[in-house]
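Chains, contacts and geometry: an overview
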Amino acid sequence: EELKELVSKLYSTHHLEKGEYVSLIENRDAVRDYLFELSRSVREKYYGKDVYIRGLIEFTDYCKNDCYYCGIRCSNKQAERYRLSKEQILDCCKTGYELGFRTFVLQGGEDPYYSDDMICDIVCSIKRDFPDCAVTLSIGEKSEESYRRYFESGADRYLLRHETADYEHYSKLHPPGLSAKHRQDCLRTLKKIGYQTGAGFMVGSPYQTAENLADDMLFLEELKPEMVGIGPFIPHHATPFADKPQGTAELTLFMLGLVRLALPDVLLPATTAIGTIHPTGRELALKAGANVVMPNLSPTDVRKKYLLYDNKICTGDESAQCRMCLQKRVEDAGYRIVESRGDHASFNERK
Ligand code: SAM
Ligand code: FES
């Protein structure tokens, strides 16, 4: 009952102390149903049964970084590397537009081949050809100057998961040279510039503790991002973490519920990763408080190459198939896809 009170407290104040988060996470079996009852009602209060869709374009799998968990890390010599041209990216957008997408997410490794000029040119071209669409970038840590240039070219949103808020845990997941502090600074810069900003973390990443997850919650409370990406860690066979256990759908869903209560109107995707480790993972995520899905719009021939982790779903399907499959899954879960930009509530008010 004390645990239920903690959930109620988070529901009404959007804040818990670190120790309170830890006890909820450690004793989650006893409060899961209650949490989901509240997280679902909050989600429906802000977004009803609506689910926003984002067309994900994985435009390069070259990466200069060497994160220990990631399948496209530069040390993975088995990865088949590819880059999409501006024309190929615009073709993906055209296909996507016809399928009802009004947000395009350009995601890639940190690939220095794409200069700031090229990124700005790509963003400008998408905004010119599809003026009623939002563009989200997810291309890693850049300078403030670069972030500003992309924003001025028309980029609306930026996804940069903080991965783990704890500095020491971060250093166990990344080689020296990458720091939690720098990543968090980037997130603050993105918010300051005016992006709808997405943070987020992996659940069940190697060495993660309940304290680490509590710190992730506190970090989100403080940053107040407009979007939060949460998915289970899934091992990739050609990385240092090949033999580490994968995160569970169960804990991922619980964390989604907590995030929905801490940031009531946040844009919260049901990720591909949770769909990969559980056959109805994305549907369950929607029922736990998620309100966004991000089907793949990348050309079919490159999908298997953008392999962050093993057994990734949707790598063999055409964009149209994926779109229809998700439509059915979302409807079976009792929700409906809406074909709009799907901005964060606070950004609708600003316009
Ligand atoms: N390079 C950009 C960046 O660093 O933000 C975007 C691409 S990065 C591959 C996108 C996200 O994939 C990361 O933020 C990370 O959380 C997730 N990811 C990478 N490897 C993963 C794995 N093995 N299991 C689950 N998620 C993974
Ligand atoms: Fe891609 Fe089901 S969502 S095939």
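Small disclaimer: the values here were computed from a predicted structure and weren't measured.

**Quick word on the sheet that holds strand β1 (residues 50–53)**
Taken together, four strands build an open sheet; the order of strands is β8-β9-β1-β10 and the sheet is parallel. Every interior strand has two partners, whereas the edge strands, β8 (269–270) and β10 (336–338), have only one. With two bridges joining them, β1 and strand β9 (residues 292–293) adopt parallel strand pairing. Opposite I53, over in β9, you have V293 as the bridge partner.

**Digging into helix α2 (residues 18–26)**
Burial in α2 covers these residues: E20, Y21, V22, L24 and I25. Where the residues of α2 are buried, they touch α1 (2–13), α9 (210–223) and α10 (249–262).

**Focus on the sheet that holds strand β7 (residues 227–232)**
Overall, parallel pairing links the six strands, which are arranged β2-β3-β4-β5-β6-β7 in an open sheet. The open sheet terminates on both sides in strands that have one partner only, identified here as β2 (55–60) and β7. Sheet twist, expressed as the average angle between the axes of neighbouring strands with direction ignored, equals 20°. Bridge count for strand β3 (residues 103–108) against strand β4 (residues 134–138) is five bridges, and the pairing is parallel. Among the inter-strand pairings, T103 is bridged to a residue of β4, identified as A134. Its contacts with the sheet put helix α5 (residues 116–129) on β2, β3 and β4, and the angle it makes with β4 is roughly 155°. Those strands touched by α9 are β6 (196–203) and β7, and its axis lies near 175° from that of β6.

**Remarks on the pattern of salt bridges**
Evaluation of the coordinates by the stated rule reveals 32 salt bridges. Put simply, D66 and R73 hold a salt bridge, and the shortest N to O gap is 3.4 Å. For D343, the salt bridge goes to R341, with nearest N and O atoms at 2.9 Å. Considered together, D343 and R341 belong to a single accessibility category, that of buried residues. Several salt bridges converge on common partners, so that one network encompasses K127, D156, R157, R341 and D343.

**Observations concerning unusual backbone geometry**
The phi torsion at H14 lies on the positive side, around 60°, for a residue other than glycine. Following the sequence through the fold, H14 ends up in the loop between α1 and α2. A residue is classified by how much of its surface remains accessible, and H14, at 31% relative accessible area, is partly exposed. A positive phi angle, close to 70°, is found at C314, a residue other than glycine. With respect to the secondary-structure elements, C314 resides in the loop between α13 (300–303) and α14 (319–332).

**Comments concerning the environment of P245**
Inspection of the secondary structure assignment puts P245 in the loop between β7 and α10. Note: C-alpha distance between P245 and P235 (10 residues apart in sequence) is 7.1 Å. Not counting the four nearest positions on each side in its chain, P245 is found in contact with G204 and F233.

**Digging into the layout of surface pockets**
Size it by volume and the largest pocket reaches roughly 230 Å³. Every residue lining the largest pocket is counted, 14 residues in all, and those nearest its centre are K224, A262, L263, P264 and D265. Taken together, the residues of the lining of the largest pocket sort by class into five nonpolar, three polar and six charged. Considered as a void within the structure, the second largest pocket measures approximately 160 Å³ in volume. Every residue lining the second largest pocket is listed: G71, N76, Q78, A79, E80, H236, H237, K304, K305 and L307.

**Details of the site of ligand 1**
Around ligand 1 sit 18 residues in total, of which Y69, G108, R161, E163 and I234 are the nearest. A distance of 3.0 Å separates a nitrogen atom of ligand 1 from a polar atom in the backbone of Y69. Its residues assigned to classes, the shell around ligand 1 shows 10 nonpolar, five polar and three charged.

**Remarks on the packing of aromatic side chains**
By the definition in use, this model includes 11 aromatic pairs. Summarising the aromatic geometry, the rings of F233 and F241 are spaced 6.3 Å apart at their centres and angled 85° between planes, so their arrangement reads as edge-to-face. Judged by relative accessible area, F241 falls into the buried class, the value being 4%. Put simply, the rings of Y68, Y207, F233 and F241 touch in pairs and so form one group of aromatic residues. Across the ring face of Y97, the terminal group of R102 is positioned such that the distance to the ring centre comes to 3.5 Å.

**Here we look at the side chain of Q208**
Within the fold, Q208 resides in the loop between β6 and α9. Relative accessible area serves as the criterion here: at 16%, Q208 is assigned to the buried category. Aside from chain neighbours lying at most four places away, what touches Q208 is H169, M202, V203, L213 and D216.

**Observations regarding the side chain of D216**
As for its placement among the helices and strands, D216 is situated in helix α9. Nearest to the buried, unbridged D216 among oppositely charged side chains is K18, at 10 Å. Among the polar contacts made by the side chain of D216, one reaches the side chain of H162 at a distance of 3.0 Å.

Conventions and cut-offs
Residues numbered from 1 in each chain as written. Chains lettered and ligands numbered in written order. Predicted model: local features only at pLDDT ≥ 70, side-chain atom pairs only at ≥ 80, totals over all residues. Heavy atoms only, no water. Pairing = 2+ DSSP bridges. Helix = DSSP H or I, 4+ residues; strand = E, 2+ residues; numbered from the N terminus. Buried < 20%, exposed > 50% of the residue type's maximum accessible area, 1.4 Å probe, protein only. Contact = heavy atoms within 4.5 Å. Axes fitted to C-alpha atoms, helices over the stretch in contact; angles between N-to-C directions. Salt bridge = Lys/Arg side-chain N within 4 Å of Asp/Glu carboxyl O. 1 Å grid on protein atoms, 1.4 Å probe; cavity = no way out; pocket = protein on both sides within 12 Å on 5 of 7 lines; lining within 4 Å. Points joined across faces, edges and corners; volume = space filled by probe spheres on them. Nonpolar A, V, L, I, M, F, W, Y, C, P; charged D, E, K, R; others polar. Near = heavy atom within 4 Å. Polar contact = N/O pair within 3.5 Å; in protein donor to acceptor, adjacent residues only side chain to side chain. Phe/Tyr/Trp six-rings, centres within 6.5 Å; stacked < 30°, edge-to-face > 60°. Lys NZ or Arg CZ within 6 Å of the ring centre and 35° of its normal. Lys, Arg positive; Asp, Glu negative; His and termini not counted.

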